[in-house]
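# Reading the structure
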Amino acid sequence: MASSLSTKPFLGAPSSSDGFSGLGSLQSTSKLLPASLHLPACRSHPRRLQIQAAGNSFGTYFRVTTFGESHGGGVGCIIDGCPPQIPLSETDMQVDLDRRRPGQSRITTPRKETDTCRISSGIAEGVTTGTPIKVEVPNTDQRGHDYSEMSKAYRPSHADATYDFKYGVRSVQGGGRSSARETIGRVAAGAVAKKILKLKSGTEILAYVSQAYNIVLPEGLVDHETVTLDEIESNIVRCPNPEYAKKMIDAIDAVRVRGDSVGGVVTCIVRNVPRGLGSPVFDKLEAELAKAVMSLPATKGFEFGSGFAGTFLTGSEHNDEFFMDEHGRIRTRTNRSGGIQGGISNGEMINMRIAFKPTSTIGRKQNTVTRDRHDTELIARGRHDPCVVPRAVPMVEAMVALVLVDQLMAHHAQCMLFPINPALQEPVEMARSEPVQF
């Protein structure tokens, strides 16, 4: 995302040369750093410290670490804990990476990247080996020179300022790790998680755009029992209802031509969910899902099941009554719980909604300050998403899949090692509705 600054002077500013907005030169920050850093001498017997605050890894049993920045050599991930003997190739990941990539339509950033992935470890003879899987995607359309002004001034509501506040230095070009290109590693890993879930329990994860700006898809127009990926992918905004998809596209186009941006909502559903996923009390399934999706760029809200609307109901109106279905399984007649009760999945469909803010990098004049604390104005120009939600759809699916596969492995490790109580428990395979083909 290129930007231009107003003619207001930058006193002491270093001289040098995104909607969804890494690797910058330290030259632009040299005058903002101390001339030397003095570290205390190590004691002969220092205390042992364990610091786990980097924030670049996710998951416990199925653990994913992402790496890379928007304008560096590339981005990707390392997947640790993947079960062995799962058929896997780059093609499995490329489908979702293509859904996430920039430049796919006029309502996304025009940055041109193929986002072609390469697996460099963890695969032998077409199957996973159980060892770490490394996935890499090169960056090919960087424009680092577009970010010279970013070394001087902060984009309003962007992570530019807070990265400086925290680290005292940042990667200027493209936003560094705050760029949405970081999510490539998540989407690649999420594709593996999806495949495991489908193979083990027939679990299917689908997300779609249910709101763009002030265009809201009315509840009930999309049948969550039957909606398909093809319906979601039938238009550039990824709304499965053609009428409302057109309205959303028109709304995004209207702000795009004005150099502005809008936000929206992504709805995600999970069908054929095994019972028993999630653990009380701090590792409740909805808490894990909330953390996962809220770690995505530009997220501002999360709700599942009845969400905030449930606060307008009484207990008798809100409760999901149990019944016995024709197969002798305990089910609920309604699903205001969103498939999760007491922090544990109950086998019903999980549904959630995630709110995304308007893209912070816009082509309109805004007041801001420089890194050396002077008032100025900033006009962003160049490449950014006028609305992030169409490309956020596969990102949401990926994070939900990473949570569920991690919880599935945790559930199996704790509750499935020994014979289950068949009167109360089900093997996870029972959630599958039909045979899985690969």
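Residues numbered from 1 in each chain as written. Predicted model: local features only at pLDDT ≥ 70, side-chain atom pairs only at ≥ 80, totals over all residues. Heavy atoms only, no water.

The following threshold applies: UniProt positions are given in the numbering used here, feature names are shortened, and annotations may be inferred rather than shown by experiment.
Per an unreviewed UniProt entry, the protein chain goes by Chorismate synthase and derives from Coffea arabica. Under the Catalytic activity (unreviewed entry) heading, UniProt states for the protein chain: "5-O-(1-carboxyvinyl)-3-phosphoshikimate = chorismate + phosphate". Recorded in UniProt for the protein chain, the comment headed Pathway (unreviewed entry) runs: "Metabolic intermediate biosynthesis; chorismate biosynthesis; chorismate from D-erythrose 4-phosphate and phosphoenolpyruvate: step 7/7."

### Here's the deal with the nonpolar core
To keep it simple, the criterion reads: Residues grouped as a nonpolar core are buried Ala, Val, Leu, Ile, Met, Phe, Trp, Tyr and Cys residues, joined through side-chain atoms within 4.5 Å. Exposure classes here rest on a 1.4 Å probe applied to the protein chains alone. A residue is buried below 20% of its type maximum, exposed above 50%, and partly exposed in between. Under the scheme used here, helices are H or I runs from DSSP no shorter than 4 residues and strands are E runs no shorter than 2 residues, and both carry numbers assigned from the N terminus. We call two residues in contact whenever any of their non-hydrogen atoms come within 4.5 Å of each other.
Within the largest apolar cluster, 82 residues are counted, with the highest numbers of intra-cluster contacts made by Phe62, Ile79, Met93, Phe356, Val396 and Val400. The element best represented in this core is helix H8 (residues 389–415), accounting for 14 residues. Setting aside chain neighbours within four positions, we find Phe356 in contact with Gly263, Gly264, Val266, Leu296, Pro297, Ala298, Thr299, Val388, Val389, Ala392 and Val396.

### Observations concerning helix H6 (residues 285–294)
Put simply, the rule reads: Here the arc refers to the set of directions running from the helix axis out to each C-beta atom.
For H6, the set of buried residues is Leu285, Glu286, Leu289, Ala290, Ala292 and Val293. Taken end-on, H6 shows its buried residues confined to a sector of 165°, consistent with a single buried face.

### Quick notes on the side chain of Asp253
You can see Asp253 is positioned in helix H5 (residues 242–256). When neighbours within four sequence positions are excluded, Asp253 is seen to be in contact with Arg106 and Ile107.

### What about helix H3 (residues 183–201)?
We count it as follows: Helices are assigned an expected span. That span is 1.5 Å times one less than the residue count.
Look at H3: 26 Å from first C-alpha to last across 19 residues, which is about the 27 Å you get at 1.5 Å a residue. In terms of burial, H3 is largely enclosed, as 16 of its 19 residues are buried. A positive backbone phi angle near 70° is found at Gly202, which sits one or two residues after H3.

### Quick word on the pairing of strand S11 (residues 264–271)
Applied cut-off: Two strands pair under a simple rule: DSSP has to find at least two bridges between them.
Most of S11 is tucked away, with eight of its eight residues classed as buried. Here S11 shows no split at all, with Gly264, Val266, Cys268 and Val270 on one side and Val265, Thr267, Ile269 and Arg271 on the other all buried. Sheet topology note: the strand S9 (residues 204–212)/S11 ladder contains eight bridges and is antiparallel. Among the inter-strand pairings, Glu204 is bridged to a residue of S11, identified as Arg271. In the sheet, S11 pairs with strand S17 (residues 350–356) via seven bridges, with the strands oriented antiparallel. Note on S17: the bridge partner recorded for Val270 is Ile350.

### Focus: the sheet that holds strand S4 (residues 74–80)
The strand order across the open sheet formed by five strands is S2-S3-S4-S8-S5, and the pairing between neighbours is antiparallel. Of all the strands in the sheet, just strand S2 (57–58) and strand S5 (118–121) have a single pairing partner and so form its edges. As defined by bridge partners, S4 adjoins strand S8 (residues 133–138) across six bridges and the pair is classed as antiparallel. Residue pairing across strands places Cys77 opposite Val135, the latter belonging to S8.

### A short note on the sheet that holds strand S10 (residues 215–216)
Strand order across the open sheet formed by five strands is S10-S9-S11-S17-S12, with antiparallel pairing between neighbours. With one partner strand each, in any of the chains shown, S10 and strand S12 (299–304) form the two edges of the open sheet. For S12 and S17, the ladder comprises five bridges, and the chain directions are antiparallel. Bridged to Thr299 within S17 is Phe356.

### Some thoughts on the pattern of salt bridges
Between side chains of opposite charge, a pair can form as their charged atoms come close. Worth spelling out the cut-off: Here, a salt bridge means any side-chain nitrogen of Lys or Arg that lies within 4 Å of a carboxyl oxygen of Asp or Glu.
All told, the structure shown has 28 salt bridges when counted by the stated rule. Residues Lys195 and Asp92 are paired through a salt bridge, measuring 3.2 Å at the closest nitrogen-oxygen approach. Of this pair, Lys195 sits in helix H3 while Asp92 sits in helix H1 (residues 90–100), placing them 103 residues apart in sequence. Overall, Asp92 belongs to the partly exposed group, its relative accessible area being 27%. Via salt bridges that share partners, Asp96, Arg99, Lys194, Glu233, Arg238 and Glu397 belong to a single interconnected network.

### Some remarks on the packing of H1 against H8
How we decide: Convention adopted: a line fitted to C-alpha atoms gives each axis, helices being fitted over their contacting stretch, and angles between N-to-C directions are expressed from 0 to 180 degrees. Each residue gets one label: Ala, Val, Leu, Ile, Met, Phe, Trp, Tyr, Cys and Pro are nonpolar, Asp, Glu, Lys and Arg are charged, and the others, such as Gly, are polar.
Running from N to C, H1 and H8 point in directions that differ by 145°, and their axes come no closer than 7 Å. Taking contact as the criterion, the partners of Asp96, Arg99 and Arg100 in H1 are, on H8, Arg391, Val393, Pro394, Met395 and Glu397. The class makeup of the residues in the contact of H1 with H8 is three nonpolar, no polar and five charged.

### Describing a nonpolar patch on the surface
Note the following rule: Two joining distances apply to patches: 9 Å for like charges and 5 Å for nonpolar side chains (Val, Leu, Ile, Met, Phe, Trp, Tyr), and every residue must have over 30% relative accessible area and no salt bridge. The protein chains shown are the only cover counted for residues, whose accessible areas, like all others here, come from Shrake-Rupley with a 1.4 Å probe.
Taken together, Phe322, Met324 and Ile330 make up a surface patch of nonpolar side chains, about 340 Å² in accessible area. Tracing the backbone through its elements, the reader meets Met324 in strand S13 (residues 322–324).

### Some remarks on the confidence of the model for the protein chain
Formally: pLDDT gives the predictor's per-residue confidence on a scale running from 0 to 100.
Overall, the prediction assigns the protein chain a mean pLDDT of 86, with 82% of residues at 70 or greater. When the criterion is pLDDT under 50, residues 1–34 qualifies, and its contacts beyond four places in sequence or with other chains add up to 121 contacts. In this model residues 432–438 is a low-confidence stretch, pLDDT under 50, and it forms 11 contacts with partners more than four residues away in sequence or in other chains.

### Points about the packing of aromatic side chains
Aromatic ring pairs are reported here in terms of the distance separating the ring centres and the angle at which the planes meet. Let me state the cut-off plainly: Pairing of aromatic side chains requires ring centres within 6.5 Å, counting the rings of Phe and Tyr and the six-membered ring of Trp. Pairs whose planes differ by under 30 degrees are stacked, by over 60 edge-to-face, and all others tilted.
Scanning the model with the defined rule gives two aromatic pairs in all. When the centroid spacing of 6.4 Å and the interplanar angle of 65° are considered together, the rings of Tyr154 and Phe165 count as edge-to-face. You can see Tyr154 sitting in the loop between S8 and helix H2 (160–167) and its partner Phe165 sitting in helix H2, a full 11 residues away along the chain. Under the relative-accessibility criterion, Tyr154 is labelled buried at 10%. What makes Phe165 exposed here is its relative accessible area of 64%. Ring geometry for Tyr163 and Tyr167: centres 5.9 Å apart, planes at 65°, overall edge-to-face.

### Some remarks on the packing of H1 against H3
Defined as follows: Roughly parallel here means an angle under 35 degrees, roughly antiparallel means over 145, roughly perpendicular means 65 to 115, and every remaining angle is called oblique. Take the far helix as the reference: if the near one is turned anticlockwise from it by less than a right angle, the crossing is left-handed, and if turned clockwise, right-handed.
Interhelical geometry of H1 versus H3 gives an angle of 135° and a closest axis separation of 8 Å. Between H1 and H3, the crossing angle belongs to the class labelled oblique. Both H1 and H3 take part in a crossing whose hand is right-handed. Where H1 approaches H3, its residues Asp92, Met93, Asp96, Leu97, Arg99 and Arg100 are matched on the opposing element by Thr183, Ile184, Val187, Ala188, Ala191, Val192, Lys194 and Lys195.

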